[in-house]
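Structural overview
The primary structure of each chain is shown beneath.
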Amino acid sequence: MRRPCSQRRALAHARACARALAMVAAVAGASCSRGGGGEQETAPAGAAGRAPASSGAGAGQGQRRQPAAVKELSVRKLAPGAAVAIDGRLDEPAWQAAARTGPFVNVGTGREDLSLPTQGEARLLWDDAFLYVGFDVSDGTITGGFPQDARDPHLWERDTVEVMIDPDGDGDNKDYYEIQISPQNLVFDSQFDDYNAPRGGASGPFGHQAWSAGLASAVVLRGTIDDDSDEDRGYVVEAKIPWRSFAKAKAAPPSPGDAWRMNFYAMQNNGGVAWSPILGEGNFHRARRFGRVRFVGSGGETGGAGAPPSDAGAAPPRDAGAAPSAAPPGARSAERATPGARVPSASAGPRPDYRADPPDR
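Reference entry: report on the structure contained in this document.

What counts, and at which threshold
- Residues numbered from 1 in each chain as written.
- Predicted model: local features only at pLDDT ≥ 70, side-chain atom pairs only at ≥ 80, totals over all residues.
- Heavy atoms only, no water.
- 1 Å grid on protein atoms, 1.4 Å probe; cavity = no way out; pocket = protein on both sides within 12 Å on 5 of 7 lines; lining within 4 Å.
- Points joined across faces, edges and corners; volume = space filled by probe spheres on them.
- Helix = DSSP H or I, 4+ residues; strand = E, 2+ residues; numbered from the N terminus.
- Nonpolar A, V, L, I, M, F, W, Y, C, P; charged D, E, K, R; others polar.
- Buried < 20%, exposed > 50% of the residue type's maximum accessible area, 1.4 Å probe, protein only.
- Pairing = 2+ DSSP bridges.
- Salt bridge = Lys/Arg side-chain N within 4 Å of Asp/Glu carboxyl O.
- Core = buried A, V, L, I, M, F, W, Y, C linked by side-chain atoms within 4.5 Å.
- Contact = heavy atoms within 4.5 Å.

**Remarks on empty space enclosed by the protein**
Enumeration according to the criterion identifies three cavities of 30 Å³ or more in this entry. As a volume, the largest cavity reaches approximately 60 Å³. Surrounding the largest cavity, Val133, Phe135, Val161, Val163, Ile179, Ile181, Val237, Ala239 and Ile241 form its lining. Secondary-structure elements contributing two or more residues to the lining of the largest cavity are strand S5 (130-139), strand S6 (159-166), strand S7 (176-181) and strand S10 (234-242). Across the lining of the largest cavity, the residue classes break down as nine nonpolar, no polar and no charged.

Below you can see the structure in the form of structure tokens.
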């Protein structure tokens, strides 16, 4: 029997309301299942995750979660009269009071992961002439294996520390710099126009390798490089990088209140741990994942740019009781480190599960 028009309209309205209520309930349930967000919640479950298909604006962007916050650090200028000797020891009062990154984390999850074979942290200082960087790396098998006269060797294939620097501080991957220093005190340094570009193929060149950081560096070993007969505990790298090397920077040296984007890594076999995690957004060159380093004056002044970030200041020392056991091989400037390391073949064995994705190279 055909219902009157008024009854048909009422029935249609009731069905529409039921559908709307069902949709609201589904959205609410999905929202609750995602949790409250934050850096840890947005990280992939494993140590490496797939990079997004597209990093720009476009369809589906509104459905992606907000990017996780990057690390921030305020770095004080050296006090007048303070000095730092580049000897790989980090024992001056200036280093004891320097800003510290804290322990590096798994590049994929953003969490500290003591199961990984390499651990580390970095310290930072600056003055009108130099950026000072100190690394303290824990590593049970210190590996070098490159000729001591090698120019821009592929240090990431074995053990190294790495600094990525985007002077503009905008994270757009334009005009950034890469510097690596190995336990042999060898250096790879290059300048990039864009994300991993230019690139000459699988074997390089990588970026503009003719660029030189003009740095001075020294390394102290806690163990014996390329010798598995004893127990290694890691190494310390100390370097000063002249501001004049950063020709792509808008202003170098920076002024109090300026912020640059940087990241710091301790690497082994093309993987490693990081200060600011990549969280599956690419490889170690992804500048939007670099942390923010804000430069403040020796008295904490910021040049009117606002208060220092909340993580400013020195963190408790890591492995404070462990003193370096070997004499430094000598500071590096124009000269190379002292010869003597044997040259084994590239390390084989299982692939580590803490690589960036795609790999750094």
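**Structural notes on the pairing of S6**
With eight of its eight residues buried, S6 lies for the most part within the structure. Of the two faces of S6, both are covered, the one formed by Asp159, Val161, Val163 and Ile165 as well as the one formed by Thr160, Glu162, Met164 and Asp166. Summarising the sheet, S6 and strand S11 (residues 259-268) pair through eight bridges and their orientation is antiparallel. Counted as the bridge partner of valine 163 is phenylalanine 264 from S11. As judged from the five bridges shared by S6 and S7, these two strands associate in the antiparallel manner. Bridge pairing in S7 places glutamate 162 opposite glutamine 180.

**Points about the pattern of salt bridges**
For the structure on display, the rule yields six salt bridges. Where arginine 222 meets aspartate 136, a salt bridge forms, and the shortest distance between an N and an O atom there is 2.6 Å. Here arginine 222 is found in strand S9 (residues 216-222), whereas its partner aspartate 136 is found in strand S5, with 86 residues between them in sequence. Overall, the relative accessible area of 2% leaves arginine 222 in the buried class. For aspartate 136, a relative accessible area of 12% translates into the label buried. Note that glutamate 281 is salt-bridged to arginine 288, the shortest N-O span being 2.6 Å.

**Notes on the nonpolar core**
A general tendency of soluble globular proteins is for nonpolar side chains to be buried together. Phe135, Ile181, Phe246 and Phe264 are the most contacted members of the largest nonpolar core, which has 41 residues in total. Apart from the residues lying within four places of it in its own chain, the contact partners of phenylalanine 264 are Thr101, Phe104, Ala122, Leu124, Val133, Phe135, Glu162, Val163, Val273, Ala274 and Trp275. Counting residues in hydrophobic clusters, the runner-up holds 17 residues, among them Val107, Phe146, Met164 and Met267.

**Quick look at the pairing of S9**
Counted residue by residue, S9 has seven buried out of seven residues, so it is predominantly covered. Here S9 shows a buried face lined by Ala216, Ala218, Val220 and Arg222 and a second buried face lined by Ser217, Val219 and Leu221.

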